[in-house]
Amino acid sequence: MSNPATPPRSLAEALRARDDASLAVLLRARPDLITPVPTDLTQLATRAGTRASVLRALERLDRFALQTAEALAVAGDPASYRELLGLMAGDDGDTAVAAALPRALGALRNQALVWGDDDRLRLVRTAREVLAPSPQYPSPTGLGPTVREATSGMSPGRIQEIVADAGLPSTHDPVSAVDALTKLFGHRKKMAGLLAAAPAESREVLGRLVWGPPYGQVTPEPAAHLRWLLDRGLLLPTAPGTVVLPREVALHLRGGRAHREPEPVPPAVEPTATHRPQVVDATAAGQAYTALATVEELLKDWDEGGPAVLRAGGLSVRDLKRTAVALDVSEPIAAFWVELAYAAGLLASDGEADERFAATPAYDEWLDRPPGERWAQLASAWLTATRTCGLVGGRDAKDRALSALGPGLDRSAAPEVRHRVLTLLAALPEGTAPAAESVLARLRWERPLRGPQQRADDLRSRLARWTLTEAELLGVTGRGALSAHGRTLLGAPPAEKGPAKGQEKAQGPEPSGPGLGPGDKLPVHHHHSAAVLEPLSPPEQAVAAAAAGRLLAPLLPEPLDHVLLQADLTAVAPGPLRRPLADALGVLADVESKGGATVYRFTPASVRRALDAGRTATDLHAFLTTHSRTPVPQPLAYLIDDVARRHGHLRVGAASAYVRCDDDTVLNEIMADKRAAALRLRRLAPTVLATQADPAALLEGLRAMGYAPAAESAEGDVLITRAHAHRTPPRTAPEPVPDGPPAPDTTLLAAAIRAIRAGDLAATTPRKPAGTAARGGELPRTTAAETLATMQAAVLTGDTLWIGYVNAEGTASQRVIAPIRVEGGFVTAYDHTADEVRTYPLHRVTGVAELAED
């Protein structure tokens, strides 16, 4: 083990000096490091330096932490804290940068991207390779190579010429010459004197290159002002016709800054409007009710089987358009509702040969639950889903169209972005709606993109815009501000009471009170900033969603048990109807318009539909009388009686099909009607007509002619036609597709750290010398007799042993064990590596060595 007072010589030694809490912070921030669990700290350090892991860690840094890493990549290796501060704050010293730098450096250390003491800071080699300047991949700082790097291929004579033209004495070797030139460029006063003598055109060239890119093109015979710069090494050739501004020169011209605009402080989320919290909650509750009604209407429309599944999976463009028309929304909004129902497990494909989309059995259970619980299920599914409906209509990497309910819509960043956007809203005072662009700017600061990906329409920005829209549609927000039940859904603490500054303080109960049951406690996780909330675990999310549903429930409108009948054959529902009433009215009448009040229209076809479903005219009169707050209008009563009088007067059966009627004059009218020619009817008897058309086509044909026939069975009974609900087999909701391994919980972290510590103990503890024992950290090798004898002796003395072991898969490992019992070819021992008692076959032990007593 290394001495804690000795500076670490490697990342592994730096990790070895950390305590368990610090290791837990690292593994929680970079969960890929424990998948699988490393055998020791050396393997952990190696894995932390791999390119894939480093790139993933860099992508999760905020802008200032990334700028700090970029500055370290152009600093010396190792660099002192003072040198790093100079690169970040400049010669003049930026107090905001100086105040924020310890936090940024701490974040890099926590994630094992930087190690070493303040006087010897080292960026891990892979991160330096990724962030350091190169001709192929310019540094984000805009800096070029150092003088030493730029002159590496230059002849010694040319280097001496540059030194002389720069006003420096000649040296005996190129190495000292380059050192002298480097010191000159790094000396502020001497450089100021050198540049003061430069022609104005030369200073203008330097000004164009100073913030990058540092490369420029020159002709074989450069102009005088360029020759002046080349002669003094202020521009150095890197290839024929290409010159570069050395890093030391650029830093002098920048005043020591590595970045043009350091961003130590995240941009604030700017408010655009402030509303009373009660208005926000009421608006959000109205949207929440609309969300429930829309999902219910969607699945009711697909009750007998929805659209067909495309061969490649998903919903066709035509079916999405039809769905949008049926829901009276735009196609992107229709895609949102379809995907939401799918994410909540209410919708799936039926898996049959002629595969179609349909409601799942979970939909019927969902319908029976209270409105608040139904909304909580939708909101919770939306918050954690990786499927991204905003991509519908676009193209994938192979230029294939992306369709609703189809493959290719999962984006692992979606849940994180949704949660973060809502968290930023939760940090604002109650009733405050943010400016969308300020939210996007904050997200770009927290997760900046590097290189060519850095653009305004990146995926995270689009996800954030879609989140703001979808949260409003779902009722998580109201008028752009986070609602009280939306805040509870996040597990956030109560907001500051009252609206933003300058607004009247809102009156009313605490927003989290009504939603919490006895003994409920929302799990709230705090980050290093009060504006950051960690996502909840699935059990915690279930608790938060249930509390949010209870908080929303009192704000939802109560379903009504009545309508208002009008003389123009319409009925007005002044609010949401109870489900039995809405279902019955949906059969008896057609929906004419929706909104705050729904208008139903009665037609002969709709009345016949109710009669076909088995209702009698008496039933319909009684139903309307019971559920109408106004008298049943006479035209509506006449309509029902007239349709009922003619309903079933004609009977259609199979002949292929026949029509029979006791009144032969009606059949004479049908035979004389030109519209009946397509049915090719012929008279079998005075009261019977027959046709080759099937019964369904005959029914439709006669109804189109204005008659009201009824279908009958082979026994002559009237067939009652009811819609048969089509359900899929039991289906589970789609699982989110995570971005890499999930964040480990506390139990897993503790177990992983114990295993790593034990493995490190096995790898680093000194061993007693033995002729056949391991040397140089190799697995011990002993004969079977020596192994057995050493094991038996350790049982008697209680010593701890270091063993080499090969498991059934042939994987070799090293372990530290305390033998308890040796019998029957097995050794039972306390395994310090696994922190438990285990039994090992002796024939799989490759060797054994005693640990040194110290």
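The following paragraphs examine the structure supplied in this document. Owing to the predicted nature of the structure, the values given are computational and were not obtained by experimental measurement.

Procedures and definitions
- Residues numbered from 1 in each chain as written.
- Predicted model: local features only at pLDDT ≥ 70, side-chain atom pairs only at ≥ 80, totals over all residues.
- Heavy atoms only, no water.
- Helix = DSSP H or I, 4+ residues; strand = E, 2+ residues; numbered from the N terminus.
- Buried < 20%, exposed > 50% of the residue type's maximum accessible area, 1.4 Å probe, protein only.
- Areas by Shrake-Rupley, 256 points an atom, 1.4 Å probe, with all protein chains shown as cover.
- Expected span 1.5 Å × (residues − 1).
- Arc of directions from axis to C-beta.
- Contact = heavy atoms within 4.5 Å.
- 1 Å grid on protein atoms, 1.4 Å probe; cavity = no way out; pocket = protein on both sides within 12 Å on 5 of 7 lines; lining within 4 Å.
- Points joined across faces, edges and corners; volume = space filled by probe spheres on them.
- Nonpolar A, V, L, I, M, F, W, Y, C, P; charged D, E, K, R; others polar.
- Axes fitted to C-alpha atoms, helices over the stretch in contact; angles between N-to-C directions.
- Parallel < 35°, antiparallel > 145°, perpendicular 65-115°, else oblique.
- Left-handed = near helix turned anticlockwise from the far one by under 90°.
- Polar contact = N/O pair within 3.5 Å; in protein donor to acceptor, adjacent residues only side chain to side chain.
- Pairing = 2+ DSSP bridges.
- Core = buried A, V, L, I, M, F, W, Y, C linked by side-chain atoms within 4.5 Å.
- Phe/Tyr/Trp six-rings, centres within 6.5 Å; stacked < 30°, edge-to-face > 60°.
- Lys NZ or Arg CZ within 6 Å of the ring centre and 35° of its normal.

1. Concerning the overall build of the chain
Then, number 1: Scanning the chain for helices and strands turns up 33 helices and 25 strands.
Then, number 2: Residue burial in the chain is summarised as follows: out of 854 residues, 47% are buried.
Then, number 3: For the chain, the exposed surface amounts to about 41,200 Å²; the carbon and sulfur share of it is 54%.

2. Notes on helix α29 (residues 634-646)
Then, number 1: With 13 residues, α29 extends 19 Å from end C-alpha to end C-alpha; this agrees with the ideal 18 Å at 1.5 Å per step.
Then, number 2: Of the residues making up α29, those classed as buried are L636, A637, L639, I640 and V643. Projected onto a plane normal to the axis of α29, the buried residues spread over an arc of 160° and lie on a single side. Every exposed residue of α29 that faces more than 90 degrees away from the buried side is listed here: Q634, Y638 and R645.
Then, number 3: Looking at the buried side of α29, the elements it contacts are β12 (564-566), α27 (604-612) and α28 (617-627).

3. Points about empty space enclosed by the protein
Then, number 1: Scanning the model with the defined rule gives three cavities of 30 Å³ or more in all.
Then, number 2: Here the largest cavity defines a volume of roughly 100 Å³.
Then, number 3: Lining the largest cavity, in full, are F336, E339, L340, A343, A381, W382, A385, R387, C389, R418 and E470.
Then, number 4: Put simply, the parts of the chain that give the lining of the largest cavity at least two residues each are α18 (331-343) and α20 (371-384).
Then, number 5: Per-element accounting of the lining of the largest cavity gives the leading share, four residues, to α18.
Then, number 6: Grouping the constituent residues of the lining of the largest cavity by class yields seven nonpolar, no polar and four charged.

4. Observations regarding the packing of helix α13 (residues 200-209) against helix α14 (residues 224-231)
Then, number 1: Orientation of α13 relative to α14, taken along the N-to-C sense of each, is 70°, at an axis distance of 8 Å. Between α13 and α14, the angle is such that the two are roughly perpendicular. Taken as a pair, α13 and α14 cross one another with a handedness that is right-handed. Of the residues in α14, those in contact with E201, S202, V205 and L206 of α13 are H225, L226, W228 and L229.

5. Quick look at the environment of T35
Then, number 1: Following the sequence through the fold, T35 ends up in the loop between α2 (20-29) and α3 (41-48).
Then, number 2: With sequence-adjacent residues up to four places away left out, T35 is seen in contact with R47 and P741.
Then, number 3: Only 3.3 Å separates the side chain of T35 from the backbone oxygen of P31, close enough to count as a polar contact.

6. Quick word on the sheet that holds strand β14 (residues 590-593)
Then, number 1: The sheet built from four strands is open, its strands ordered β12-β13-β15-β14 with antiparallel pairing. Each end of this open sheet is capped by a strand with a single partner; those strands are β12 and β14. Neighbour-to-neighbour, the strand axes of this sheet turn through a mean angle of 30°, independent of strand direction.
Then, number 2: Sheet analysis places β12 next to strand β13 (residues 570-573), joined by three bridges and oriented antiparallel. Note that in β13 the partner of Q566 across the bridge is T570.

7. A short note on the sheet that holds strand β21 (residues 801-806)
Then, number 1: Strand order in the open sheet formed by five strands is β24-β23-β22-β21-β25, and the pairing between neighbours is antiparallel. Unpaired on one side and paired on the other, β24 (836-841) and β25 (845-850) mark the two borders of the sheet. Adjacent strand axes in the sheet meet at a mean angle of 45° when their direction is disregarded.
Then, number 2: Here helix α32 (residues 746-764) sits on the sheet in contact with β21 and β22 (812-823), set at roughly 90° to β22.

8. Quick notes on unusual backbone geometry
Then, number 1: In this structure, the amide linkage connecting T35 to the following residue, P36, adopts the cis form with an omega of -5°.
Then, number 2: Looking at where P36 falls in the secondary structure, it is placed in the loop between α2 and α3.
Then, number 3: Note that the residue after D77, namely P78, is joined by a cis bond; omega there is 5°.
Then, number 4: With respect to the helices, strands and loops of the structure, P78 is situated in the loop between α5 (63-74) and α6 (81-89).
Then, number 5: Look at R479: it is not a glycine, yet its phi comes out positive at around 55°.
Then, number 6: Note that R479 resides in the loop between β10 (477-478) and β11 (481-482).
Then, number 7: In this structure R479 comes out as partly exposed when scored by relative accessible area, which is 46%.
Then, number 8: The phi dihedral of L569 is positive, around 60°, even though this residue is not glycine.
Then, number 9: Here L569 lies in the loop between β12 and β13.
Then, number 10: Its relative accessible area of 22% is what places L569 among the partly exposed residues.

9. Some words on the nonpolar core
Then, number 1: Judged by nonpolar contacts, the single largest core of 88 residues is most densely connected at L72, F185, L234 and L235.
Then, number 2: The leading source of residues in this core is α5, at eight residues.
Then, number 3: Excluding residues that lie within four positions of it along the chain, L235 makes contacts with V205, L206, L209, L226, L229, L230, V243, V244, L245 and P246.
Then, number 4: With 68 residues, the next largest nonpolar core counts A288, L320, C389 and A492 among its residues.

10. Things to note about the pairing of β13
Then, number 1: Burial along β13 is two-sided: the residues T570 and V572 and A571 and A573 are all buried.
Then, number 2: Hairpin connection, β12 to β13: the antiparallel pair is bridged by three residues, and L569 has positive phi, about 60°.
Then, number 3: Pairing geometry for β13 and strand β15 (residues 598-601), over four bridges, is antiparallel. Pairing of A571 across the sheet is with Y600, part of β15.

11. Digging into the packing of aromatic side chains
Then, number 1: Inspection of every chain in the model, using the stated rule, returns three aromatic pairs.
Then, number 2: For the cation-ring pair, R615 lies above F623, with the distance from its terminal atom to the ring centre recorded as 5.7 Å.

12. Section: the environment of A65
Then, number 1: Inspection of the secondary structure assignment puts A65 in helix α5.
Then, number 2: Of the residues examined, A65 reaches a relative accessible area of 1% and is grouped as buried.
Then, number 3: Counting along the chain gives 39 residues from A65 to A104, while the straight-line C-alpha distance between them is 4.6 Å.
Then, number 4: Discounting chain neighbours no more than four positions away, the residues touching A65 are A104 and L108.

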